[in-house]
Amino acid sequence: MARLDVKKTYKLYIGGAFPRSESGRTSVVNDAQGNLLANAAKASRKDARDAVIAARKAFGGWSSATAYNRGQVLYRIAEVLEGRRDQFVAELRATEGITAAKATTYVDAAIDRIVWYAGWADKITQVVSTANPVAGPFFNLSSPEPTGVVAVVAPRGPLLGLVSVVAPVIATGNTCVVIASEAHPLTAITLGEVMATSDLPGGVVNMLTGSVAEIAPWLASHMDVNGIDLTGVADPELAAALETASADNLKRVRRAPEVAVDWLATPGIDRLTDWLETKTVWHPIGV
Amino acid sequence: MQPYAGSVTTTSATTGSAGDFDDITSSESSLRRFLHGLPGVDQVGAEARAAGLGTRSIKTTAKNFAIDLAIRMVDLTTLEGQDTPGKVRALASKAMRPDPADATCPRAAAVCVYPDMVATAKQTLGSSGVKVAAVATAFPSGRAALDIKLADTRDAVEAGADEIDMVIDRGAFLSGRYLQVFDEIVAVREACATPDGGSAHLKVIFETGELQTYDNVRRASWLAMMAGAHFIKTSTGKVQPAATLPVTLIMLEAVRDFRDQTGQMIGVKPAGGIRSSKDAIKYLVMVNEIAGPDWLDPDWFRFGASTLLNDLLMQRTKMTTGRYSGPDYFTLD
């Protein structure tokens, strides 16, 4: 007997749940041949607002979790992603029309990237903290602290780019609101499903799918967002406008890259240090 | 003159039907007959109506109006064992100038505190126009002898409270001793008298979360209105569920019907659990639709709240600046 297709509805990922867009809007996602693949939610500014509230709520717990624990949770995401490897390979092939070998390369690289950042979670502090020599009877110690709620505009590309910008933000104890690549909403939400089942507290990562030009300005001007990563903003005019809007509350801004990024290459630690603030403590040396 | 200082009295009212309360309240049995003779509340209907009114879309200029009105209606409340004079002073300052960055922001209606903090609040508020409300009568349980409740009330009035929030004796109400509840409200109302011949305004708290049924809410509303309450208030905020839309709807119907019968206007105050601007606007829509636009005034409708004000201010800032604001920019209470 012929079986009916079980079609999947791709929603948003906010605060650990998968709500539809507040606006009720959806957009059609086609596969590489132009056939209907699925409908994805088209987020509005109010979804972005809700996501920031969820991220802010999650920040206290996530930032005060031990770095070791955050590393474990990241590793767990990699574990669960590994278990869903075939699903991601199939999704990538359907949306991109690429070969199985190529899709597997990207999915493997994405899993490895998470493991790479998971390892950094409890090591970055040692690398970027210092004991500073000062001319006085003080210990002078600088140590990094997470920036806060970070808005991330994910780069074009189905999975690897997304993972490469989100993992460093949460590894350092920040929480984030991610605008997925407009062309690839499906893998972003499937990645959200992975995160929702990986001991990652709800709200640490929030995924929005929809128009970058529509949502990003609201996040850039949002007074409760502490940083914004413009990696995925392709339009230079939009990037400039977002930088300007970000100045209102002195957000940290990571500017859009000037040359195309090779996501397969091993990254440096700059994506980790971008979302860290340095706290310096002066402590009198006892008598 | 504040209109609600007006002629809300019980048995001495000039209108014909108000005089009828004498007959109703002359004995336990006649009072019970009256209260139980009130039409029953259609629970499903009330909840559906409240939910339906909650779906109205209030945008742009209407939203601006609603947010400013809601700020003017807030009874900024702190009722914790850990309240200190410093905290009450900070709260009073906030009530006078909710958004220090924006001079056009209206002030709150009142500050609501325990009786021992009334003098502190009064001192800070001075003649700013922000009222001081005090919870009295063995708040929040209401379980004390009548003379203790009256002393509690007089204490607060002497300290300068403009408004008294009393709790009814739910135990007496639920066991059907309506006349006892009625007499208590009348007695507290008398204790609200100030030396200059005026009277502190009396808000009667039902604690609807403990009244079990909507019928009981309607009965309590009529009981309190006949006993001379200026305001009827849903809850103390110490019991869950606190204020809900259907309960407030029933109380709004009661004050509407009461005015139709007697010509006297009574205020309504939902308290507890109203935390977002969206919720507040739902209540305002309901006030307008059920009781009527006459009640859209801080003299006739209040919100008992603490966290609500910050959300209203954030929404207000969003409307004026065009960008989302955050809790970092408003005081923690």
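## A few points about the overall build of chain B
Okay, so step 1: On a plain count of helices and strands, chain B comes out with 14 helices and eight strands.
Okay, so step 2: Since a compact globule built from 333 residues should have a radius of gyration of about 20 Å, the 19 Å found for chain B is in line with a globular shape.
Okay, so step 3: Once the C-alpha set of chain B is aligned to its principal axes, its extents read approximately 60 × 45 × 35 Å.
Okay, so step 4: Among the 333 residues that make up chain B, the fraction classed as buried is 49%.
Okay, so step 5: Partitioning the contacts of chain B with sequence separation of at least 6, the portion at a separation of at least 24 is 74%.

## Looking at the sheet that holds strand E6 (residues 231-233) of chain B
Residues and elements named next belong to chain B.
Okay, so step 1: The strand order across the open sheet formed by eight strands is E7-E6-E5-E4-E3-E2-E1-E8, and the pairing between neighbours is parallel. Each edge of the sheet is formed by a strand with only one pairing partner; in this case those strands are strand E7 (267-269) and strand E8 (303-305). Taken pair by pair, the neighbouring strands of this sheet meet at an average axis angle of 25°, ignoring direction.
Okay, so step 2: In this structure, E6 lies alongside E7, joined through three bridges in parallel fashion. Paired with Lys-233 across the bridge in E7 is Lys-269.
Okay, so step 3: Most of the contacts of helix H6 (residues 85-96) go to strand E2 (residues 110-113), to which it runs at about 160°, and overall it touches strand E1 (74-77) and E2.

## Digging into the interface of chain A and chain B
Okay, so step 1: In this complex, chain A contributes seven residues to the contact, which on the side of chain B involves seven residues.
Okay, so step 2: Grouping the constituent residues of the side of chain A that touches chain B by class yields two nonpolar, two polar and three charged.

## Describing the nonpolar core
Nonpolar side chains tend toward joint burial in soluble globular proteins.
Residues and elements named next belong to chain B.
Okay, so step 1: Grouped together as the largest cluster of nonpolar side chains are 101 residues, with contacts concentrated most on Val-74 and Val-111.
Okay, so step 2: For this core, the element with the most residues is helix H12 (residues 245-262), which contributes nine residues.
Okay, so step 3: Those residues in contact with Val-74 that lie beyond four places of it in its chain are Ala-108, Ala-109, Phe-303, Ala-305, Leu-308 and Leu-309.

## Some remarks on the sheet that holds strand E1 (residues 9-10) of chain A
All names here are of chain A.
Okay, so step 1: Ordered by their spatial adjacency, three strands build an open sheet running E1-E3-E2, and the pairing between neighbours is mixed. At either end of the open sheet lies a strand with only one pairing partner, and these are E1 and strand E2 (26-30).
Okay, so step 2: Pairing of E2 with strand E3 (residues 36-41), which is carried by five bridges, proceeds in the antiparallel orientation. Within E3, the position partnered with Val-29 by the bridge is Ala-38.

## Here's the deal with the packing of helix H3 (residues 85-96) of chain A against helix H7 (residues 185-196) of chain A
Residue and element names in this part refer to chain A.
Okay, so step 1: Here H3 crosses H7 at 165°, and the two axes come no closer than 10 Å. Accordingly, the angle class assigned to the pair H3 and H7 is roughly antiparallel. The crossing of H3 and H7 is right-handed. Along its contact with H3, which presents Gln-87, Phe-88, Glu-91, Leu-92 and Thr-95, the element H7 presents Leu-186, Thr-187 and Thr-190.
Okay, so step 2: Residues of the contact of H3 with H7, tallied by class, amount to three nonpolar, four polar and one charged.

## Some words on unusual backbone geometry
Residues and elements named next belong to chain B.
Okay, so step 1: The peptide bond linking Phe-139 to Pro-140 adopts the cis configuration, its omega dihedral lying at 0°.
Okay, so step 2: A cis amide bond links Gln-240 to the next residue, Pro-241, at an omega of -5°.
Okay, so step 3: Although it is not a glycine, Gln-212 sits at a positive phi angle of roughly 70°.
Okay, so step 4: Note that Gln-212 resides in the loop between strand E5 (201-205) and helix H11 (214-227).

## Here's the deal with H11 of chain B
Residue and element names in this part refer to chain B.
Okay, so step 1: For H11, built from 14 residues, the straight-helix expectation of 20 Å at 1.5 Å per residue is met to within 8% by its first-to-last C-alpha distance of 20 Å.
Okay, so step 2: For H11, the buried fraction is high: 11 of the 14 residues fall into the buried class.
Okay, so step 3: Those residues of H11 that fall on the buried side of the exposure criterion are Val-217, Arg-218, Arg-219, Ala-220, Ser-221, Trp-222, Leu-223, Ala-224, Met-225, Met-226 and Ala-227.

Here is what the cut-offs are and how they apply
- Residues numbered from 1 in each chain as written.
- Chains lettered and ligands numbered in written order.
- Predicted model: local features only at pLDDT ≥ 70, side-chain atom pairs only at ≥ 80, totals over all residues.
- Helix = DSSP H or I, 4+ residues; strand = E, 2+ residues; numbered from the N terminus.
- Rg over C-alpha atoms; globule rule 2.2 N^0.38 Å.
- Buried ≥ 20, exposed ≤ 12 C-beta atoms within 10 Å, placed from the backbone.
- Contact = placed C-beta atoms within 7 Å.
- Pairing = 2+ DSSP bridges.
- Axes fitted to C-alpha atoms, helices over the stretch in contact; angles between N-to-C directions.
- Nonpolar A, V, L, I, M, F, W, Y, C, P; charged D, E, K, R; others polar.
- Core = buried A, V, L, I, M, F, W, Y, C linked by C-beta atoms within 7 Å.
- Parallel < 35°, antiparallel > 145°, perpendicular 65-115°, else oblique.
- Left-handed = near helix turned anticlockwise from the far one by under 90°.
- Expected span 1.5 Å × (residues − 1).

By themselves, these observations are geometric and do not establish any function.
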